[in-house]
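# Descriptive analysis of the structure
Residue-level listing of the chains:
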Amino acid sequence: MISVIVTSYNIEKYIQRCLQSILSQTYKDIEIIVVDDGSTDATPSLIKQAANSDNRIVPILLPENTPGGVAVAANIGLRKASGKYIGFVDGDDWCESYMFEELVKAAEEHQAEVIIGNYKNYDEKENEYYEPSDAKRWRHGLPLNTHISSLEERKEILKFNPVPWRKLYLREFLFNKEIFFPEGDYFYEDNPFHWFCVTQAKSFVLVNKCLCYHRMNRVGQTMGAADKRLLAMYEHHKTIMDWLLASDSYDTFREELILWIVNNTCWIYDAIRDEHKPDVVQCLSEALSMHDLNFAYSVTMSEKMGNRGRELAGYAFNLINFMPTDKNVRGFKVSLVGQAYDNYKEYGLKDTLRKIKGYVYHRSPAPIKRVLKMISGCLPKKDISNKEIMGKLETIKCQVEFQKYMLALNDEFEKTVLKELSQIRSEIEVLKAQGRQVEQKNDLDSVSC
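Being a predicted model, the structure only gives us computed values, none of them experimental. Within any chain, residue numbers begin from 1 and follow the written order of that chain's sequence. Only residues with pLDDT of at least 70 are given local features in this predicted model, and only at 80 or more are side-chain atom pairs given and counted; all residues enter the totals for whole chains, interfaces and linings. Working from all heavy atoms in the structure, the side-chain values ignore hydrogens and water.

### Considering the side chain of aspartate 93
Threshold: Numbering goes from the N terminus for both helices and strands, where a helix is a DSSP run of H or I of at least four residues and a strand is a run of E of at least two. A 1.4 Å probe rolled over the protein chains alone gives each residue an accessible area, and that area as a share of the maximum for its type sets the label: buried under 20%, exposed over 50%, partly exposed in between. Neither His nor the chain ends contribute to the count of charged residues, in which Lys and Arg are positive and Asp and Glu negative. Any Lys or Arg side-chain nitrogen found within 4 Å of a carboxyl oxygen on Asp or Glu counts as a salt bridge. Whenever two N or O atoms come within 3.5 Å, that pair is a polar contact, provided that in protein one can donate a hydrogen and the other can accept it, and provided that, for residues adjacent in sequence, both atoms are side-chain atoms.
Among the secondary structure elements, aspartate 93 is positioned in the loop between strand E4 (85-90) and strand E5 (94-95). Of the buried charged residues, aspartate 93 lacks a salt bridge, with arginine 215 as the closest side chain of opposite charge at 5.5 Å. A distance of 2.9 Å separates polar atoms of two side chains, one belonging to aspartate 93 and the other to histidine 214. Reaching out from aspartate 93, the side chain makes a polar contact with the backbone nitrogen of arginine 215 at a distance of 3.0 Å.

Given below as structure tokens:
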């Protein structure tokens, strides 16, 4: 038998479809533990109706909503579960009829502790289906529909979306390792749960079939939050680190943990409201400080980290005035001005300004849009002379507000940026001098004629 845990909260529009998709499974030996987290709409009564019509449904109706996300409700379901395997379904999602049959078949055939299936997102607002963000991981690298156990393969599985509702877990494994969701006044508890399972399990299977559908952009959904609740990820970083230390696994997975928290910072920074962006950088700085700083710096500045992650990690290290003692660790330019100037020398002003405009468009709070408008005003509408280009460049240089744009993350000028800015000014003076020499030569030629 398998136990399927369904968590629900104020989803009266969706709970019936969810439960019906589980009741219709081709795998029949199933118990459905529905834990309602204190709903105030018709959800509890709909769960009772479903339980009255099919005794495989076990309703657990909490009297009031618990703090945070679904952790408490999910853990109640875990402790109640009696099946050999345990699965999860969000109460507003739904499954293909063959989902659990496919997962159990893979588990039995390969004696796996964790079985991971594929899924699709459903955008309720747009009425569209689309692939999840980890879709590319199914197409490259890891073997599918076969036993997985090596350390490097497990590290790759850590990069999959952490959601539990497309997986099946061997119950004995979870209880032997004492793996439950961390409970607290926060969300995104599936992240540490994913880390607990992947770092402790020794056998996995990836079932490359779309087994379920995850509803997005519905009213009241946690993932739609753009406030300080997103900062819960940094609490989960500490929880994961404590788990790794307690299980003597920190040295094995510390690089993956550093990459994980910086990569999460990238989307958190872009998603969170402007007034909380400084908090994101501060939280990242505190998270990186929990590790050996030289090691954390070498990881975040390596080719394994994308440009955006390196950029934000750079600001976090600057907050604590850290510079690596290992001279072999390569640094990077955090200044957009420096990058823009290099681009100008190679591709010209017009291309550079357009790249800046595109960059700022995706990451601009309201004050920065004024900077974008200023820079855009310098964009030439036709071919212009070198003298005019120098004038445009001088305008931008004199109004280095777009330098302040990048520094708005920290609200402070850094020594490295000031040094680079000084260098830029020197190089501009050289270019201006060269321009004056060209003009003087032209004047002399004109006189000679």
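### Digging into the side chain of glutamine 200
This is how it is decided: Any pair of residues with heavy atoms lying within 4.5 Å of one another is described as a contacting pair.
Tracing the backbone through its elements, the reader meets glutamine 200 in helix H8 (residues 190-200). A residue is classified by how much of its surface remains accessible, and glutamine 200, at 11% relative accessible area, is buried. A distance of 3.4 Å separates polar atoms of two side chains, one belonging to glutamine 200 and the other to serine 247. For glutamine 200, the residues in contact, after removing those within four places along its chain, are Arg154, Phe173, Lys177, Ile179, Trp243, Ser247 and Ser249.

### Here's the deal with the packing of H8 against helix H10 (residues 250-271)
Put simply, the test is: For helices, the fitted line uses only the C-alpha atoms of the stretch in contact; every axis is such a line through C-alpha atoms, and the angle between N-to-C directions lies from 0 to 180 degrees. Oblique is the label for any angle not under 35 degrees, not over 145, and not in the 65 to 115 range, which are roughly parallel, roughly antiparallel and roughly perpendicular in turn. A clockwise turn of the near helix away from the far one marks a right-handed crossing, whereas an anticlockwise turn of less than a right angle marks a left-handed crossing. Residue polarity follows a fixed list, in which Ala, Val, Leu, Ile, Met, Phe, Trp, Tyr, Cys and Pro are nonpolar, Asp, Glu, Lys and Arg are charged, and the others, Gly among them, are polar.
Closest axis-to-axis distance for the H8/H10 pair is 13 Å, and the angle between their directions is 160°. For the element pair H8 / H10, the angle class is roughly antiparallel. Handedness of the H8/H10 crossing: right-handed. Across the interface between the two elements, Asn191, Trp195 and Thr199 of H8 pack against Phe253, Glu256, Leu257 and Trp260 of H10. A per-class count over the contact of H8 with H10 returns four nonpolar, two polar and one charged.

### Observations concerning the pairing of E4
Put simply, the test is: Strands pair, by our definition, only if DSSP identifies at least two bridges between them.
Counted residue by residue, E4 has five buried out of six residues, so it is predominantly covered. Sheet topology places E4 next to strand E8 (residues 167-170); three bridges connect them, and they run antiparallel. Within E8, the residue paired with isoleucine 86 across the bridge is tyrosine 169.

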